[in-house]
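# Structural features, examined
As a plain string of letters, each chain reads:
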Amino acid sequence: MKRKALITAAVLGGWVVSALAQMTPEGLWRNVDDKTGEAKAEIRIAAGAHGVLHGRIEKTLVSSGEPLCTECTDDRKGQPKLGLEIIRGAQKSATDTLWEGGRILDPENGKEYTLRLTPLEGGRKLQVRGYIGPFYRTQVWTRVE
């Protein structure tokens, strides 16, 4: 009887750990075009030094008229959009399950926004909110892996 209880506890414990591991922005995400509702790209978010997040376009799902970030104004100007780092510097908030303080780039127009990332629905979705002053733009990305 003890053995059966241990196996059950191990299986349930594995599910809990798996669920908690998903409550992070780290992973591969699919974003959707605000105007068309069409899946646009897959972005890989990973932690670097000291848990600071960065994210790169890993796969494009929609053909872009311009493959380079011609509208960018920093070190990303003229770089290919595929592989481009669009998220920089986000860190976990001390009080909530959100990551903030970083920046996110829209490679279509070169605008950079202050960033807030919030996992939703047990980590299956990610609310991505970019701010410029009091104005913001929000997208909900879907976890691919």
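This report concerns the structure included in the present document. (Residues numbered from 1 in each chain as written. Predicted model: local features only at pLDDT ≥ 70, side-chain atom pairs only at ≥ 80, totals over all residues. Heavy atoms only, no water.)

## Looking at the overall build of the protein
Of the regular secondary structure elements, the protein holds one helix and eight strands. What you see in the protein, going N to C, is helices and strands ordered as α-β-β-β-β-β-β-β-β. Looking at the 145 residues of the protein, the share that counts as buried comes to 32%. Pairs at least 24 apart in sequence give 37% of the contacts found in the protein among residues at least 6 apart. In the structure as shown, the protein presents an accessible area of about 8900 Å², 57% of it carried by carbon and sulfur atoms. (Helix = DSSP H or I, 4+ residues; strand = E, 2+ residues; numbered from the N terminus. Buried < 20%, exposed > 50% of the residue type's maximum accessible area, 1.4 Å probe, protein only. Contact = heavy atoms within 4.5 Å. Areas by Shrake-Rupley, 256 points an atom, 1.4 Å probe, with all protein chains shown as cover.)

## Things to note about the side chain of Thr118
Summarising the element assignment, Thr118 is placed in strand S6 (residues 111-120). Aside from chain neighbours lying at most four places away, what touches Thr118 is Thr97, Leu98, Lys125, Leu126 and Gln127.

## Brief notes about the nonpolar core
Membership of the largest hydrophobic core comes to 21 residues, with the highest contact counts inside it found for Ile45, Ile86, Leu117 and Trp141. Listing elements by their share of this core, those giving two or more residues are strand S2 (39-47), strand S3 (53-60), strand S4 (85-92), strand S5 (99-106), S6 and strand S7 (125-132). When residues no more than four places from it in sequence are discounted, the contact partners of Ile45 are Pro25, Glu26, Gly27, Trp29, Leu53, His54, Gly55, Ile87, Leu126 and Trp141. (Core = buried A, V, L, I, M, F, W, Y, C linked by side-chain atoms within 4.5 Å.)

## Side note on the packing of aromatic side chains
All chains considered together, the criterion is met by one aromatic pair. A cation over an aromatic ring shows up here: Lys92 above the ring of Trp99, its NZ or CZ 5.3 Å from the ring centre. (Phe/Tyr/Trp six-rings, centres within 6.5 Å; stacked < 30°, edge-to-face > 60°. Lys NZ or Arg CZ within 6 Å of the ring centre and 35° of its normal.)

## Quick word on the pattern of salt bridges
This structure, assessed with the given rule, holds 14 salt bridges. Measuring nitrogen to oxygen at the nearest pair gives 2.9 Å for the salt bridge that ties Glu145 to Arg44. Of this pair, Glu145 sits in the segment after strand S8 (135-143) while Arg44 sits in strand S2, and the two are 101 residues apart along the sequence. The partly exposed category is assigned to Arg44, whose relative accessible area is 28%. Notably, a salt bridge pairs Asp74 with Arg88, separated by 4.0 Å at the nearest N-O pair. In this pair, Asp74 sits in the loop between S3 and S4 while Arg88 sits in strand S4, placing the two residues 14 residues apart along the sequence. Among the ionic contacts, a cluster of salt bridges with common partners joins Asp74, Asp75, Arg76, Glu85, Arg88, Arg103 and Glu112. (Salt bridge = Lys/Arg side-chain N within 4 Å of Asp/Glu carboxyl O.)

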